[in-house]
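Commentary on secondary and tertiary structure
What follows is each chain in one-letter form.
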Amino acid sequence: MLALEMFRSLPRHLAARAMGGRLPGLLTGPTAPLRLVNREEPSQSRPGWVRLQTRLSGICGSDLGAVSGRTSRYFSGLVSMPFVPGHEVVADLAEDCEDLPAGTRVVLDPVLSCAARGVDRCDACRSGATNRCDRITVGHIAPGLQTGFCADTGGGWGAVLTAHRSQLHPVPEDLSDGQAVLVEPIACAVHTALQARVPRGAHVLVGGAGAVGLFTTLALRELTAAGDITVVAKHSQQGELARDFGATEVVTPAEVLRGVRRATRAFWVSPELSRPFLLGGVDVAIDAVGSRESIETCLHSTRAGGRVVLSGMPAAADLSAAWFRELEIVGAYASAVHEPAADGRGAFDLAIELASGHGIAALTVARYPLHSWREALDHAHSAGRLGTVKVAFDPRSNR
């Protein structure tokens, strides 16, 4: 089958990390540890596993981070190479799988938890917090925190992948493929919004208005009792969507602290040779970018004793504000089978409901064949500026 394959190359990793920020073209050129290959279709003979035929698979910020060398080496022990990326997937079952007949259209919860690995459930999986699974490096498949980072399962950037029944969620007939491919990132946003534990009427700052930030804004408005929601958007199209999804105010990165200062009557502090910060600020800040600048902006905009949620894969940042203002820093990774803050409902169930309305069908999903992977990744890198919420591969167009 035709697939895009991520492979281990330390020289390319170092070159992409050193030059990618200054010369973005290198990220899809000679430094990219990615190649288009013909490889054997993945297969799993154990009960509960099934082959899927990919319809669409999105390009996520974590995928771009892996290609550009920005991903922390912390994760190197949680993947197995070479792997086919692609964890935002809508696909058809190639064969019957327990209660699901062949041909069923499904979306994928990519976390490879205990059930998929055929091991006794860890404490996290028993509680429904499958995103916190402690067994992602053991069992009968290779290490991999998710489908799309595991050498044995394949991924959505290939024509065929494999998945376990515990990962599969049938797609309602009235949901288009374009809506369905957004369900996984919406599920992550649902988990983020619930993980933020927003007090009633609280002022929330969402740092970033890409797909993660926009869907988090939607989830905050629909699933929590948040009051004002301020969203940081670089581009005008992002700002318009943020307002459509429930933002009270939209500010540019340069305006964040001034906007929060006005809204919360906080005090402005200008330290020497460092970035300004506020005494006072929002009750909860959610970083949806993962850059050092975005994380520090969230830290510097949050009142003492407030909460900062990291939903973007984080870069190194100055944590002085967290210490001095006694901030609670919370991670929000993937999504859970049971969300306690939603009366135990699953994030994917809630995400499918959100994907069915709220203008999700009108969002732009740009589609590329696998052989146009360089153009697709270039587009994904510039998606915000171009007004594109999601870029996705359609492996069927290569047949």
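Remember, predicted model here, so these are calculated numbers, not experimental data. (Residues numbered from 1 in each chain as written. Predicted model: local features only at pLDDT ≥ 70, side-chain atom pairs only at ≥ 80, totals over all residues. Heavy atoms only, no water.)

What about the pattern of salt bridges?
The full count for this structure, using the stated rule, is 19 salt bridges. One salt bridge in this structure joins R105 and D177, with 2.9 Å as the shortest N-O distance. Separated by 72 residues along the polypeptide, R105 in strand β5 (residues 105-108) and D177 in helix α5 (residues 177-180) bring together distant segments of the chain. Taken as a pair, R105 and D177 share a single burial class, namely buried. (Salt bridge = Lys/Arg side-chain N within 4 Å of Asp/Glu carboxyl O. Helix = DSSP H or I, 4+ residues; strand = E, 2+ residues; numbered from the N terminus. Buried < 20%, exposed > 50% of the residue type's maximum accessible area, 1.4 Å probe, protein only.)

Side note on the nonpolar core
The biggest cluster of nonpolar side chains holds 54 residues, and the ones touching the most others in it are I186 and F215. Residue assignment for this core shows that the elements contributing at least two residues are α6 (183-195), β8 (204-207), α7 (211-223), β9 (229-232), α8 (236-244), β13 (282-287) and α12 (347-355). Once residues within four sequence positions are removed from consideration, F215 is found in contact with L182, P185, I186, A189, F245, I360, L363 and V389. Listed in part, the 33 residues of the second largest apolar core include L145, F149, W157 and W373. (Core = buried A, V, L, I, M, F, W, Y, C linked by side-chain atoms within 4.5 Å. Contact = heavy atoms within 4.5 Å.)

What to know about helix α2 (residues 61-68)
Every α-helical turn comprises 3.6 residues, leaving residues that sit three or four positions apart pointing alike. Most of α2 is tucked away: six of the eight residues are buried. Buried within α2 are the following residues: S62, D63, L64, G65, V67 and S68. Positioned one or two residues after α2, G69 has a phi angle of 80°, which is positive.

Overview of the sheet that holds strand β14 (residues 302-310)
Sheet strands associate in pairs through backbone hydrogen bonding, adopting either a parallel or an antiparallel arrangement. The strand order β10-β9-β8-β13-β14-β15 describes an open sheet built from six strands, whose pairing is parallel. Both outer strands of the open sheet, β10 (249-251) and β15 (328-331), are each paired with one neighbouring strand and no more. Direction aside, neighbouring strands of the sheet carry axes that sit 20° apart on average. Pairing analysis gives three bridges linking β9 to β10, with the strands arranged parallel. (Pairing = 2+ DSSP bridges. Axes fitted to C-alpha atoms, helices over the stretch in contact; angles between N-to-C directions.)

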